[in-house]
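# Observations on the three-dimensional arrangement
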Amino acid sequence: SLDPAWTLSNGLTARVHGSYEHRDFQVTTGIASDRVDDVGNVSGFLDWPLGRHFKLSGGVTVERRSSTRQLQTYQFLQQQLQIVGTL
C-alpha cells in the first residue's frame, strides 16, 4: 500500500491511499472450498484545520474485491465528512 500526503496552502493537507491485496484462503476441512480474493482500495482526503484543536476532513474511498467464491465479489463507494478534535 501507499499513503502519500502533501501540505498545501494555509495548512490544507491532501492525502491519498492506495492498496492491493491478493488473499489466498486454503481450507483444510471438507465443509468449504478454497477461496482466492483480489482486493483493491483507493482513497483521497482533504484536511482543513479549524483553529488549533480541530480539523475538518472530507474524502472518498473506492474498494473492489473479486473472489472465486460465489457472492463474495463486491464494489463500493464511500463518502466521508468528519470533524476531528485533538487535545
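Structural data are supplied above this passage.
Report follows, based on the coordinates. Just so it is clear, the model here is predicted, and its values are computed rather than measured. (Residues numbered from 1 in each chain as written. Predicted model: local features only at pLDDT ≥ 70, side-chain atom pairs only at ≥ 80, totals over all residues. Heavy atoms only, no water.)

### Regarding the sheet that holds strand E3 (residues 35-50)
What the five strands build is an open sheet, ordered E1-E2-E3-E4-E5; its pairing is antiparallel. Strands at the two margins of the open sheet, each flanked by one partner only, are strand E1 (5-7) and strand E5 (74-85). Direction aside, neighbouring strands of the sheet carry axes that sit 10° apart on average. As judged from the three bridges shared by E1 and strand E2 (residues 13-25), these two strands associate in the antiparallel manner. Each residue of the ladder has a partner; that of Trp-6, found in E2, is Ala-14. (Pairing = 2+ DSSP bridges. Helix = DSSP H or I, 4+ residues; strand = E, 2+ residues; numbered from the N terminus. Axes fitted to C-alpha atoms, helices over the stretch in contact; angles between N-to-C directions.)

### Notes on the pairing of E5
Looking along a regular strand, one sees the side chains alternate between the two faces of the sheet. For strand E4 (residues 54-67) and E5, the ladder comprises 12 bridges, and the chain directions are antiparallel. Across the sheet, residue Leu-56 finds its bridge partner in E5, namely Ile-83. Between the end of E4 and the start of E5, which pair antiparallel, lie six residues, with Leu-71 showing a positive phi angle near 70°.

### Overview of the environment of Leu-46
Note on placement: Leu-46 falls in strand E3. Note: C-alpha distance between Leu-46 and Thr-13 (33 residues apart in sequence) is 5.7 Å. If we ignore the near neighbours within four places in the chain, the residues touching Leu-46 are Thr-13, Ala-14, Leu-56, Ser-57 and Gly-58. (Contact = heavy atoms within 4.5 Å.)

### Quick word on the packing of aromatic side chains
This structure, assessed with the given rule, holds one aromatic pair. Between Tyr-74 and Phe-76 the ring centres are 6.1 Å apart and the planes differ by 20°, which places this aromatic pair in the stacked class. The class of Tyr-74 is partly exposed, set by a relative accessible area of 29%. Look at Phe-76 and you get partly exposed, because its relative accessible area is 31%. (Phe/Tyr/Trp six-rings, centres within 6.5 Å; stacked < 30°, edge-to-face > 60°. Buried < 20%, exposed > 50% of the residue type's maximum accessible area, 1.4 Å probe, protein only.)

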